[in-house]
Amino acid sequence: MEFDPAALPPNAMYKLLISSVVPRPIAWVSSVDRAGVRNLAPFSYFMAITDDPPTIAFSSSFRGAGPDGKKDTLRNIEDTGEFVVNVVDDDLAAQMNVTSGEYPPEVDEFEVAALAVAPGTRVGVPRVASAPITLECRLDRLVSVGRATLVLGRIVYVHVRDGLYDAATGRLDMHRLRPVGRLAGNLYTHVHDIFEMKRPNPDYRG
Ligand SMILES: Cc1cc2nc3c(=O)[nH]c(=O)nc-3n(C[C@H](O)[C@H](O)[C@H](O)COP(=O)(O)O)c2cc1C
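Here's what I pulled together on the structure shown here. (Residues numbered from 1 in each chain as written. Predicted model: local features only at pLDDT ≥ 70, side-chain atom pairs only at ≥ 80, totals over all residues.)

**Details of the nonpolar core**
Generally speaking, soluble globular proteins have nonpolar side chains that are buried together.
Thought 1: Residues Ala27, Trp28, Val29, Val84, Val85 and Val88 are the most contacted members of the largest nonpolar core, which totals 29 residues.
Thought 2: Where this core is concerned, the elements lending two or more residues are strand E1 (27-32), strand E2 (38-43), strand E4 (54-60), helix H2 (72-80), strand E5 (82-87) and strand E8 (133-145).
Thought 3: The contacts of valine 84, once residues within four sequence positions are left out, are Ser30, Gly120, Val123, Val125, Arg127, Thr134, Leu135, Glu136 and Cys137. (Core = buried A, V, L, I, M, F, W, Y, C linked by C-beta atoms within 7 Å. Buried ≥ 20, exposed ≤ 12 C-beta atoms within 10 Å, placed from the backbone. Helix = DSSP H or I, 4+ residues; strand = E, 2+ residues; numbered from the N terminus. Contact = placed C-beta atoms within 7 Å.)

Following this line, the structure appears as structure tokens:
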């Protein structure tokens, strides 16, 4: 089969795209509004861009309901210039899903999902206390792409749960991390079946 995006009915390209780019990591983004009300929501249009300077990006789609099409996360980041990306592991998957509900701005999703809160170190945004990794970010820039907004964040502080960091390699232990990936629709994947391939270049140290 072949598809011309320009000829597809509404929503069809969304379904094709999120079925094609899989599995996607999940940025579980915490933020606060101007009054300090906490917000937490997952975003799987998410990627690492570069480590120098350390920068990640996620995109917030247009919200049909509401005055300006902005999700609470995007509005908060515009207002405060800060956010935190929490990594979702197997134990947190169900609570992550709860926080994806379309709650009004005044609702604190940490409370809705019964999540313990830890303070940010460099940013005034709370973290998910039990997340295996949290990346504290300052807004680098916003890029409009159609009706979506790409949020670029500079990582200013990193928290890693004890027992995950391997000082000998400088990497995190992929068997202990147990991250969750998003597939299409309501499907997810565990990362339990891990294999190794050595690079052709024997000097590769990444
Ligand atoms: C696993 C998962 C991934 C999601 N990824 C995105 C995404 O990349 N972009 C987006 O706009 N919404 C995404 N959503 C939907 C948002 O989480 C949802 O609209 C949420 O209510 C936004 O919350 P907020 O208004 O508090 O920011 C995703 C939902 C789930 C469950």
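Now, onward.
**Regarding the pairing of strand E9 (residues 148-160)**
Thought 1: Pairing of E4 with E9, which is carried by six bridges, proceeds in the antiparallel orientation. For alanine 57, the partnering residue across the bridge sits in E9 and is leucine 152.
Thought 2: Here E8 pairs with E9 via twelve bridges, running antiparallel. Opposite arginine 138, over in E9, you have arginine 154 as the bridge partner.
Thought 3: In this structure, the hairpin formed by E8 and E9 is closed by a connection of two residues, where glycine 146 is found at a positive phi of approximately 60°. (Pairing = 2+ DSSP bridges.)

**A few points about the sheet that holds E4**
Thought 1: Spatial strand order, E2-E1-E5-E8-E9-E4-E3: seven strands in an open sheet with antiparallel pairing. Either end of the sheet is taken by a strand with one partner, and the two such strands are E2 and strand E3 (46-51). For this sheet, the mean angle separating the axes of adjacent strands, direction not counted, is 35°.
Thought 2: Helix-sheet contacts for H2 involve E1, E2, E4, E5, E8 and E9, and the interaxial angle to E1 is about 50°. (Axes fitted to C-alpha atoms, helices over the stretch in contact; angles between N-to-C directions.)

**Points about the site of the ligand**
Thought 1: Looking at the ligand, there are 17 residues lining it, with Ala41, Tyr45, Ser61, Asp72 and Thr73 nearest.
Thought 2: Listed by contribution, the elements that provide at least two residues to the shell around the ligand are E2, E4 and H2.
Thought 3: Here the shell around the ligand gets four residues from one element, more than from any other, and that element is E2.
Thought 4: Broken down by class, the residue content of the shell around the ligand amounts to five nonpolar, eight polar and four charged. (Near = placed C-beta within 6 Å. Nonpolar A, V, L, I, M, F, W, Y, C, P; charged D, E, K, R; others polar.)

**Quick notes on H2**
Residue pairs spaced three or four apart in an α-helix point in one direction, given the helix's 3.6 residues per turn.
Thought 1: Buried residues of H2: Asp72, Thr73, Leu74, Asn76 and Ile77, and no others.
Thought 2: Where H2 is buried, its residues touch E1, E2, E4, E5, E8 and E9.
Thought 3: In the segment just after H2, glycine 81 is the residue with positive phi, at about 75°.

**Quick look at the environment of glycine 153**
Thought 1: Structurally, glycine 153 can be placed in strand E9.
Thought 2: Take glycine 153: there are 26 C-beta atoms within 10 Å of it, and that puts it in the buried class.
Thought 3: For the pair glycine 153 and methionine 47, spaced 106 residues apart in sequence, the C-alpha to C-alpha distance is 11 Å.
Thought 4: Among residues more than four places away in sequence, those in contact with glycine 153 are Thr55, Ile56, Phe83, Cys137, Arg138, Leu139 and Asp140.

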